[in-house]
Amino acid sequence: MAAAFVLRGLGRARPVLRPPPAELLRAPRRGHRLTPADDELYQRTHISLLQRDAPHAAYVESYSSRGFVVNGNRVFGPCALLPHSVLQWNVGSHLDITEESFSLFWMLEPPLEIVVVGTGDRTERLPSRVLRAMRQRGLAVEVQDTPNACATFNFLCHEGRATGAALIPPPGGTTLAPLAQAAE
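What you see is a predicted model, and the numbers here were worked out from it, not measured in a lab.

Reading the values: the criteria
Residues numbered from 1 in each chain as written. Predicted model: local features only at pLDDT ≥ 70, side-chain atom pairs only at ≥ 80, totals over all residues. Heavy atoms only, no water. Buried < 20%, exposed > 50% of the residue type's maximum accessible area, 1.4 Å probe, protein only. Helix = DSSP H or I, 4+ residues; strand = E, 2+ residues; numbered from the N terminus. Arc of directions from axis to C-beta. Contact = heavy atoms within 4.5 Å. Polar contact = N/O pair within 3.5 Å; in protein donor to acceptor, adjacent residues only side chain to side chain. pLDDT = per-residue confidence, 0-100. Pairing = 2+ DSSP bridges. Core = buried A, V, L, I, M, F, W, Y, C linked by side-chain atoms within 4.5 Å.

**Observations concerning helix 5 (residues 128–136)**
Given 3.6 residues to a turn, an α-helix orients residues that are three or four positions apart in the same direction.
Here is step 1: When we look at burial in helix 5, the residues that qualify are Val 130, Ala 133 and Met 134. Looking straight down helix 5, one finds that the buried residues subtend no more than 100° of arc, so they occupy a single side. Exposed side of helix 5, more than 90 degrees from the buried face: Ser 128, Arg 135 and Gln 136 are the residues found there.
Here is step 2: Where helix 5 is buried, its residues meet helix 4 (103–106), strand 6 (114–119) and strand 7 (140–144).
Here is step 3: Two residues or fewer past helix 5, Gly 138 is found with a positive phi of approximately 85°.

**Overview of the environment of Gln 144**
Here is step 1: By the element assignment, Gln 144 lies in strand 7.
Here is step 2: Sequence spacing of Gln 144 and Glu 124 is 20 residues, and the spatial spacing of their C-alpha atoms is 7.5 Å.
Here is step 3: Ignoring sequence-local partners within four residues, the contact set of Gln 144 consists of Val 116, Val 117, Gly 118, Thr 119, Thr 123, Ala 149 and Thr 152.
Here is step 4: Of note is the side chain of Gln 144, whose polar atom sits 3.2 Å from the backbone nitrogen of Ala 149.
Here is step 5: Reaching out from Gln 144, the side chain makes a polar contact with the side chain of Thr 152 at a distance of 2.9 Å.

**What about the confidence of the model for the protein chain?**
Here is step 1: For the protein chain, per-residue confidence averages 77 on the pLDDT scale, and residues scoring 70 or more make up 63% of the total.
Here is step 2: A low-confidence stretch, residues 179–184 stays under pLDDT 50, and its non-local contacts, those more than four residues away or across chains, total two contacts.

**Regarding the pairing of strand 2 (residues 67–70)**
Here is step 1: Sheet topology places strand 1 (residues 60–63) next to strand 2; three bridges connect them, and they run antiparallel. Bridge pairing in strand 2 places Val 60 opposite Val 70.
Here is step 2: Connecting strand 1 to the next strand, strand 2, in antiparallel fashion are three residues.
Here is step 3: Bridge count between strand 2 and strand 3 (residues 73–76): four bridges; the pairing is antiparallel. Bridge pairing in strand 3 places Val 69 opposite Arg 74.
Here is step 4: Where strand 2 folds back onto strand 3 in an antiparallel hairpin, the turn is made up of two residues, including Asn 71, whose phi is positive at roughly 55°.

**Focus on the side chain of Thr 163**
Here is step 1: By the element assignment, Thr 163 lies in strand 8 (residues 163–168).
Here is step 2: Given a relative accessible area of 0%, Thr 163 falls into the buried group.
Here is step 3: Residues in contact with Thr 163, not counting those within four places in the same chain, are Leu 81, Leu 82, Pro 83, Leu 112, Ile 114, Val 116, Phe 153, Leu 156 and Cys 157.

**Describing the nonpolar core**
Here is step 1: Residues Val 60, Phe 68, Leu 81, Phe 153 and Leu 167 are the most contacted members of the largest nonpolar core, which totals 17 residues.
Here is step 2: Of all the secondary-structure elements, those providing two or more residues to this core are strand 1, strand 2, strand 4 (79–82), strand 6, helix 6 (146–158) and strand 8.
Here is step 3: Examining the composition of this core, we find that five residues originate from one element, helix 6, more than from any other.
Here is step 4: When sequence neighbours within four positions are dropped, the list of residues in contact with Leu 167 reads Val 60, Phe 68, Pro 78, Cys 79, Leu 81, Trp 89, Gly 118, Ala 149 and Cys 150.
Here is step 5: The next biggest cluster of nonpolar side chains, apart from the first, holds 16 residues, and it includes Ala 80, Trp 89, Leu 112 and Leu 139.

Structure follows, in structure tokens:
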């Protein structure tokens, strides 16, 4: 009979609420600012920085005999590309390239490491006095045909190098299709 009384009492018994352990009280909750003690409860986080600068570096998407498409913007005629800028370059052909036309590249701060020059559909020689002047100012110059100069510029920018480009559109039927069209 005593056992029946105990069993009946269990059916009516209410659970006893116990206070949570101290560790649970210290756990951060939503809207709670972490204190140094809260931070010690979690594993340390390590961050690998993949890109130090803004991701808006110039990228040549396509070119034609009329100009270039750089970061989705159409540029007609010769252009000067800087790490974060696109400018018209006032030359008609490789014969018009002088020390003065390159002055834009050595006046920049922080200075560029290399300038890639695209001379049209063929690699053309630049005057030795122009190359010497660039070298004296600490700029390396890489002269290539425009298709290869575009690819070299994109590669160097992707590496994070301080790179400039001076590009003359290739005459005639040379065309690089935009990447979106090439994928289709």
